[in-house]
Number of protein chains: 2
Amino acid sequence: MTPADPPPEGPRSVPPARRRPGGRTARIRAQVLDAVRAELGEHGYDGLTMDAVAARAGVHRATVYRRWGDVGGLLADVLDAASDDDWQPPDTGSLQSDLAALNHEIQAALTAQPPIVASLIAASFRSEQADHAQRRLWEDRYARCEIIVSRAVRRDELPPRTDARRLLIAATAPLYHQLVLLRTPPDPHLPGHAARTAALAASAGAFATPPPAGDT
Amino acid sequence: MTPADPPPEGPRSVPPARRRPGGRTARIRAQVLDAVRAELGEHGYDGLTMDAVAARAGVHRATVYRRWGDVGGLLADVLDAASDDDWQPPDTGSLQSDLAALNHEIQAALTAQPPIVASLIAASFRSEQADHAQRRLWEDRYARCEIIVSRAVRRDELPPRTDARRLLIAATAPLYHQLVLLRTPPDPHLPGHAARTAALAASAGAFATPPPAGDT
């Protein structure tokens, strides 16, 4: 669910693209996507150009234009590449601590320097291709995180009919809201607080489906 | 807390600037800010120009340049003007229904057509002046909403030491996350669900300060 490669892989902020078997084509893609991340981290969306990426990657600019088309195509491929990993959410033994660990990864990604993840989110307001790719990546991350909820159901921490996606959104949304939209300074307690809030609400039946008729 | 004028004032998406006493200067400001909202709603940030705003407002372009400087200055003034109202959050008699009513206002604002509020948020990623003004506006809205929490405390729905801001963020963040960042289609149940989740968590002590040591 974290917005791009860095969080899942830990505190590293510019993950190296995966060197896949496949020779020259794969190698060029890795070089180019590394260059996009580096340029984006240094200059943001407004400073990102096809030519600078080609130069930094050491790849002929005609190749970059032919394969990626424009800056939106480059950003979309960076985002799509971020799903191409084996990231799994933390498994710490309880719902609340799983959510807290996840939120710590998200906070680390959103506050990393250079701000690759934050820049990709900002770019998704500018480029339709980046927007679609960012949504695919979020969908991928939230889908992978549903195991946090199914584990909690197996441990009898949650009722079987729990809306995993709504629970995950409730647990993680305050991080994005504060760091991406309100742009408040990072609060070291927020990852844990937001996790605890969601876990308490879940225990009280907030994400049961269909919702119970009564109140608390 | 809603991001700009429209939500507080209801479903209307392009609020007329307030016609204040004060004559020509105030009238010109009102005309120009109306024009900014209209241009932004029609063309978004990328299509917003000083000249188009001047033409639409029927104001000399030199006046617009002299008074607002650039597009960032125009956007910042639209956002600052949005705080200049007497909006108060809904008072419906219970914490959960106050939060639900607030969330319905937010959802209406974020999905309104033309998308003034959404465009202003997007613009805050582009212009430093708009960013600062957007943050001032959010601060103003969240501060005004704290009365929702103090009323709930007076009704004994919440303990006296409740962190109002964290509760309000928890209640509203899922709306912004889904509509502004994840860009999922509006879910008519989300305003109520998110309000209920926050109210249940609050009843369970999630926003008590300092947090109680135990769990549920």
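Residues numbered from 1 in each chain as written. Chains lettered and ligands numbered in written order. Predicted model: local features only at pLDDT ≥ 70, side-chain atom pairs only at ≥ 80, totals over all residues. Heavy atoms only, no water.

**With respect to the overall build of chain A**
Which entries qualify depends on this criterion: Strands are runs of DSSP state E lasting at least two residues, helices are runs of H or I lasting at least four, and both sets are numbered from the N terminus onward. Burial classes follow relative accessibility: with a 1.4 Å probe on protein chains only, a residue under 20% of its type's maximum area counts as buried, one over 50% as exposed, and anything between as partly exposed. Contacts were defined at the residue level, with two residues in contact if any of their heavy atoms lie within 4.5 Å. Residue exposure ignores everything except the shown protein chains as possible cover, and the areas themselves are Shrake-Rupley values with a 1.4 Å probe.
If you tally the helices and strands in chain A, you get 9 helices and 0 strands. Mapped in sequence order, the helices and strands of chain A form the string α-α-α-α-α-α-α-α-α. Taken over 216 residues, chain A has a buried fraction of 56%. Long-range contacts, defined here as pairs at least 24 residues apart, represent 68% of the contacts in chain A between residues at least 6 apart. For chain A, the accessible surface area stands at approximately 8,800 Å², while carbon and sulfur atoms represent 52% of it.

**Considering the relation of the copies chain B and chain A**
Here is the rule we go by: The fit set for superposing copies consists of C-alpha atoms from residues with pLDDT of at least 70 in both; the fit itself is least squares.
For the pair chain B and chain A, the superposition axis carries a translation of 0.0 Å, the fit reaches an RMSD of 0.0 Å, and the rotation angle comes to 180 degrees. Such a turn and shift between the copies fits a two-fold axis. Relative to the rotation axis, the C-alpha of B:A201 is the closest in chain B, positioned 2.2 Å from it. The fraction of interface residues of chain B whose copies in chain A are also interface residues reaches 100%, indicating that both copies meet through the same surface.

**Here we look at the pattern of salt bridges**
All names here are of chain B. What counts is decided by this rule: What makes a salt bridge here is a side-chain nitrogen of Lys or Arg within 4 Å of a carboxyl oxygen of Asp or Glu, nothing more.
Enumeration over the complete set of coordinates arrives at 38 salt bridges over all chains. Across the pair R56 and E42 runs a salt bridge whose closest N-O atoms are separated by 2.7 Å. Of this pair, R56 sits in helix α2 (residues 50-57) while E42 is found in helix α1 (residues 24-43), placing the two residues 14 residues apart along the sequence. Put simply, D46 and R126 hold a salt bridge, and the shortest N to O gap is 2.9 Å. In this pair, D46 is assigned in the loop between α1 and α2 and R126 in the loop between α6 (116-123) and α7 (128-154), connecting sequence segments 80 residues apart. For D46, a relative accessible area of 60% corresponds to the exposed category.

**With respect to α6(B)**
With 7 of its 8 residues buried, α6(B) lies for the most part within the structure. Close packing links the buried residues of α6(B) with α8 (164-181) of chain A together with α1, α4 (71-82), α5 (95-111), α7 and α8 (164-181) of chain B.

**Some words on the packing of helix α1 (residues 24-43) of chain A against helix α6 (residues 116-123) of chain A**
Residues and elements named next belong to chain A. Just so we agree on the cut-off: Orientation is described by lines fitted to C-alpha atoms, with helices fitted over the stretch in contact, and by angles between N-to-C directions that extend from 0 to 180 degrees. Roughly parallel means an angle under 35 degrees; roughly antiparallel means over 145; roughly perpendicular covers 65 to 115; every other angle is labelled oblique. Ten residues, namely Ala, Val, Leu, Ile, Met, Phe, Trp, Tyr, Cys and Pro, are considered nonpolar, four, namely Asp, Glu, Lys and Arg, are considered charged, and the remaining ones, Gly among them, are considered polar.
Running from amino to carboxyl end, α1 crosses α6 at an angle of 85 degrees, the nearest separation of the two axes being 9 Å. When the interaxial angle is binned, α1 and α6 end up roughly perpendicular. Together, R37, L40 and G41 of α1 and I116, S119 and L120 of α6 make up the contact between the two elements. When the residues that make up the contact of α1 with α6 are grouped by side-chain class, the tally is 3 nonpolar, 2 polar and 1 charged.

**Brief notes about the interface of chain B and chain A**
The test is simple: The buried area of a pairing is the accessible area, by a 1.4 Å probe, that goes missing from both parts when the two are put together, added over both.
In this complex, chain B contributes 38 residues to the contact, which on the side of chain A involves 38 residues. It is B:F125, B:L181 and B:R183 that lose the most area in chain B upon contact with chain A, and together they represent 19% of the buried surface on that side. Inspection of the chain B/chain A interface yields 2 salt bridges. The leading source of residues in the side of chain B that touches chain A is α8(B), at 11 residues.

**Considerations on the environment of A:A81**
Residue and element names in this part refer to chain A. By the secondary structure assignment, A81 is in helix α4 (residues 71-82). Overall, the relative accessible area of 10% leaves A81 in the buried class. Each C-alpha atom of the pair A81 and L33 lies 8.5 Å from the other, and the pair is 48 residues apart in sequence.

**Section: the UniProt feature "DNA-binding region" (unreviewed entry) in chain A**
This is how the line gets drawn: UniProt positions are given in the numbering used here, feature names are shortened, and annotations may be inferred rather than shown by experiment.
The UniProt feature table records "DNA-binding region" (unreviewed entry) at residues 49-68 of chain A. Between the C-alpha atoms that bound residues 49-68 of chain A there is a distance of 12 Å. The span itself is 80% helix and 0% strand.

**A look at the nonpolar core**
Threshold: Only buried Ala, Val, Leu, Ile, Met, Phe, Trp, Tyr and Cys residues count toward a nonpolar core, and they belong to the same one when joined by side-chain atoms within 4.5 Å.
Counting residues in each nonpolar core, the largest one holds 81 residues, and the members touching the most others are A:L95, A:L99, B:L95 and B:L99. Apart from the residues lying within four places of it in its own chain, the contact partners of A:L99 are A:I148, A:L167, A:L168, A:A171, A:A195 and A:A198.

**Describing the packing of aromatic side chains**
So the rule is basically this: Here the aromatic set is Phe, Tyr and Trp, taking the six-membered ring for Trp, and pairing holds for ring centres within 6.5 Å; pairs whose planes are under 30 degrees apart are stacked, those over 60 apart are edge-to-face, and all others are tilted. Should the NZ of a Lys or the CZ of an Arg lie within 6 Å of a ring centre and within 35 degrees of the ring normal, that charge is described as sitting over the ring.
Considering all chains together, one arrives at 3 aromatic pairs over all chains under this definition. Measuring from ring centre to ring centre gives 5.7 Å for B:W138 and B:Y176, while their planes differ by 80 degrees; the resulting arrangement is edge-to-face. Separated by 38 residues along the polypeptide, B:W138 in helix α7 and B:Y176 in helix α8 bring together distant segments of the chain. The pair B:W138 / B:Y176 is uniform in exposure class, with both members buried. A cation over an aromatic ring shows up here: A:R183 above the ring of B:F125, its NZ or CZ 4.3 Å from the ring centre.

**Here we look at the side chain of B:R151**
Residue and element names in this part refer to chain B. Selection criterion: Throughout this description, a polar contact denotes any pair of N or O atoms lying within 3.5 Å of each other; where both atoms belong to protein, one of them has to be capable of donating a hydrogen while the other can accept it, and for residues adjacent in sequence the pair is counted only when both atoms sit in side chains.
Take R151: it is sitting in helix α7. At 2.9 Å, the side chain of R151 forms a polar contact with the side chain of D98. With residues near it in sequence (within four places) discarded, R151 still touches P89, P90, D91 and D98.

**Some remarks on unusual backbone geometry**
All names here are of chain A. A cis amide bond links Q113 with the next residue in sequence, P114, at an omega value of -5 degrees. By the element assignment, P114 lies in the loop between α5 (95-111) and α6. Although it is not a glycine, R183 adopts a positive phi angle of roughly 55 degrees. Counting through the fold element by element, R183 comes out in the loop between α8 and α9 (190-203).

**Quick word on the packing of α4(B) against α7(B)**
Residue and element names in this part refer to chain B. Closest axis-to-axis distance for the α4/α7 pair is 8 Å, and the angle between their directions is 5 degrees. The angle between α4 and α7 falls in the class roughly parallel. Packed against α4, whose contacting residues are G72, G73, L75, A76, L79, D80 and A82, the element α7 presents Q129, A130, A133, Q134, R136, L137 and R141 at the interface. Its residues assigned to classes, the contact of α4 with α7 shows 7 nonpolar, 4 polar and 3 charged.

**Observations regarding the confidence of the model for chain A**
Close inspection of predicted coordinates is inappropriate for parts of the model with low pLDDT. Filter applied, for reference: Confidence of the prediction at every residue is given by pLDDT, a number between 0 and 100.
A residue-level look at chain A finds 88% of positions with pLDDT of 70 or above and a mean pLDDT of 89. Predicted confidence is poor over residues 3-15 of chain A, with pLDDT under 50, and the contacts of this stretch with residues over four places away or in other chains come to 43 contacts.

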